[in-house]
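# Examination of the molecular architecture
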Amino acid sequence: MTRSKLEYLGGSILVQRPWYFQIHHRAVNASRILAFHREEKAINPKCQIRAWLITIGPTISSQCSSNEWPSSLEAVCTHGAFLMQNAPSETAELLDGLCFNPKGGRISASHFIKIFVNNRLGLMKFLERYIEKSTSTDASLTDVVETLLELLLHEVNEVASNESAKDKDSQLAHLRGLIMRLLEDPKVTYDEGKALILCKQRNFLPGCLYIWMKNKLYDQIMEHYILEDNFEAILKACEEYGDEVPSLWFEAFKYAADKPQLGEKLPRLLSEIESRNLASPLVVLRLLTSPDADKCHTLGSVKAYFLHYLESGKEKVEANEAEMQRLREETLRNREIARQSKTRVKIFQQQKCAVCNQALEPPSVHFLCDHSYHKS
């Protein structure tokens, strides 16, 4: 009985059939033999499955026509989980051949995801290979990328929460590196909004920061650091992106306004606010004012800012007064000229043209402002 079943599994009666037809019959019979193998000591049929997959894999490109692919896809999807369980590496090679065969049409990795039930690591490796080899940029590849990203983020959390995991740090570093390479790969297309949501849900900060920086969402970066109470990161973000988004300096000041322990940082923030004209001193004073004495800064931390403001205000007042005096004198002078033009005779004595600086010859034009020109 064992011999006949094994012969049927690898026998010649199916050789002339299409390979996807062979998948169905060999998988069905192999499952029966595996059940029999558990009861009797017989030749392990897994070896037969592996040998057959190794043989059938290279024939896909040469023997399968374009109209056979729907049947091929159905056969692999039906028995793929069984084949993956008993011959994982050979089945993975078979799937790679299906995905990247030029005759495969619209077959993609998304068709085979259900084959990897309870085989998360195998699915991640399969999707990595697919993305690496794929040259497509359509929606199907986008779905594959997002699926792989979600798997990697889930795996990071699983490893991080597993206290008994071996080489935990190296595993986390490897997985996080894979995630960042996936996000940073210019050839890979994905929905950045969905990727950001996934990274937020899994608390994967490097991914969030990368997407924020890529889209120049510097206010989101600042908001994140504020929620984390990380002033050093806040200040660094201001230094890196403050020229592009000056309001970040004001947000940093508002964060530090009720934290006396950051008093030594206030002069730098106030200096940037003043130089960029981000807020008036009254607004600054209002933010620094608090009924809670524990949240108030000392006068020494803001004294220099307000003194400089008062001094600069005094200089502006003096400059404005000088300008007013100059305009007043000029007005009086112009009024006197206007009065004299009405009561006195104006004698034009200019001898050269105000434009060409040549000697004036009649006909010429003279103006009351003492400018004379050639008429033509």
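Scroll up to find the structure.
Residues numbered from 1 in each chain as written. Predicted model: local features only at pLDDT ≥ 70, side-chain atom pairs only at ≥ 80, totals over all residues. Heavy atoms only, no water.

Let us look at the overall build of the protein chain. Across its full length, the protein chain holds 17 helices and two strands. Per-residue burial for the protein chain yields a buried fraction of 37% across its 376 residues. Taking all contacts inside the protein chain whose residues are at least 6 apart in sequence as the whole, residues at least 24 apart take part in 54%. In the structure as shown, the protein chain presents an accessible area of about 23400 Å², 52% of it carried by carbon and sulfur atoms. (Helix = DSSP H or I, 4+ residues; strand = E, 2+ residues; numbered from the N terminus. Buried < 20%, exposed > 50% of the residue type's maximum accessible area, 1.4 Å probe, protein only. Contact = heavy atoms within 4.5 Å. Areas by Shrake-Rupley, 256 points an atom, 1.4 Å probe, with all protein chains shown as cover.)

What follows is about the packing of helix H10 (residues 192-201) against helix H11 (residues 205-214). Relative to each other, H10 and H11 sit at 150°, their axes nearing to 8 Å. It follows that H10 is roughly antiparallel to H11 by the angle criterion. Where H10 crosses over H11, the two elements pack in a sense that is left-handed. For the pair H10 and H11, the contacting residues are Glu-192, Ala-195, Leu-196, Cys-199 and Lys-200 in the first and Gly-207, Cys-208, Ile-211, Trp-212 and Lys-214 in the second. When grouped by side-chain class, the residues that make up the contact of H10 with H11 number six nonpolar, one polar and three charged. (Axes fitted to C-alpha atoms, helices over the stretch in contact; angles between N-to-C directions. Parallel < 35°, antiparallel > 145°, perpendicular 65-115°, else oblique. Left-handed = near helix turned anticlockwise from the far one by under 90°. Nonpolar A, V, L, I, M, F, W, Y, C, P; charged D, E, K, R; others polar.)

Moving on, we get to the nonpolar core. Counting 68 residues, the largest nonpolar core has Leu-183, Phe-253 and Leu-269 as the members making the most contacts within it. With 10 residues, helix H8 (residues 139-161) is the single largest residue contributor to this core. (Core = buried A, V, L, I, M, F, W, Y, C linked by side-chain atoms within 4.5 Å.)

This part takes up the environment of Arg-339. One can find Arg-339 in helix H17 (residues 299-343). Arg-339 sits in the partly exposed class, given a relative accessible area of 44%. Within the local environment of Arg-339, its side chain forms a polar contact with the side chain of Glu-336, the two groups lying 2.5 Å apart. (Polar contact = N/O pair within 3.5 Å; in protein donor to acceptor, adjacent residues only side chain to side chain.)

Attention shifts here to the pattern of salt bridges. Evaluated as defined, the whole model comprises 13 salt bridges. We note a salt bridge from Glu-146 to Lys-194, for which the minimum N-O separation is 4.0 Å. Taken together, the residues span a long stretch of sequence, with Glu-146 in helix H8 and Lys-194 in helix H10 at a distance of 48 residues. By relative accessible area, which is 12% here, Glu-146 ends up buried. A relative accessible area of 45% means that Lys-194 is categorised as partly exposed. (Salt bridge = Lys/Arg side-chain N within 4 Å of Asp/Glu carboxyl O.)

Our focus in this paragraph is the state of the cysteines. Per the stated rule, a full pass over the model turns up zero disulfides. This cysteine, Cys-208, is not joined by any disulfide, and Cys-199 carries the nearest cysteine sulfur, 5.0 Å off. Classification of Cys-208 by relative accessible area gives buried; the value is 5%. (Disulfide = S-S within 2.5 Å.)

If you check H17, its first and last C-alpha atoms are 65 Å apart, about what 45 residues at 1.5 Å a residue would give, namely 66 Å. Turning to H17, its buried residues are Ser-301, Val-302, Tyr-305, Phe-306 and Ser-312. Looking at the packing, one finds that the buried side of H17 touches helix H15 (266-275) and helix H16 (281-288). (Expected span 1.5 Å × (residues − 1).)

Our focus in this paragraph is a nonpolar patch on the surface. A grouping of Leu-307, Tyr-309 and Leu-310 is seen on the molecular surface, where their side chains present a nonpolar patch of about 290 Å² in accessible area. Tracing the chain through its elements places Tyr-309 in helix H17. By relative accessible area, which is 39% here, Tyr-309 ends up partly exposed. (Patch = residues over 30% accessible without salt bridge, like charges linked within 9 Å, V, L, I, M, F, W, Y side chains within 5 Å.)

The relation between two aromatic rings is expressed through the spacing of the ring centres and the mutual angle of the planes. Under the defined criterion, the tally for this structure stands at five aromatic pairs. Its end group placed over the ring of Tyr-255, Lys-259 keeps NZ or CZ at 4.1 Å from the ring centre. (Phe/Tyr/Trp six-rings, centres within 6.5 Å; stacked < 30°, edge-to-face > 60°. Lys NZ or Arg CZ within 6 Å of the ring centre and 35° of its normal.)

Next up on the list: unusual backbone geometry. Here the amide bond leading from Pro-362 into Pro-363 is cis, since omega sits at 0°, within 30 degrees of zero. Mapped onto the secondary structure, Pro-363 falls in the loop between H17 and strand E1 (364-366). Positive phi values are uncommon outside glycine, yet Asp-167 reaches one of about 50°. Considering the arrangement of structural elements, one finds Asp-167 in the loop between H8 and helix H9 (168-184).

Right, let's get into H11. When we look at burial in H11, the residues that qualify are Gly-207, Cys-208, Leu-209, Tyr-210, Ile-211 and Trp-212. Downstream of H11 by one or two residues, Lys-216 has phi in the positive range, about 60°.

Let us look at the packing of helix H13 (residues 231-241) against helix H14 (residues 247-256). One can describe the packing of H13 onto H14 by two numbers: an axis separation of 9 Å at closest approach and a directional angle of 160°. Classified by the angle between their axes, H13 and H14 sit roughly antiparallel to one another. In the crossing of H13 with H14, the sense of the turn from one axis to the other is left-handed. Of the residues in H14, those touching H13 at Phe-231, Ile-234, Leu-235, Ala-237, Cys-238, Glu-239 and Tyr-241 are Leu-248, Trp-249, Ala-252, Tyr-255 and Ala-256. Of the residues assigned to the contact of H13 with H14, the class counts are 11 nonpolar, no polar and one charged.

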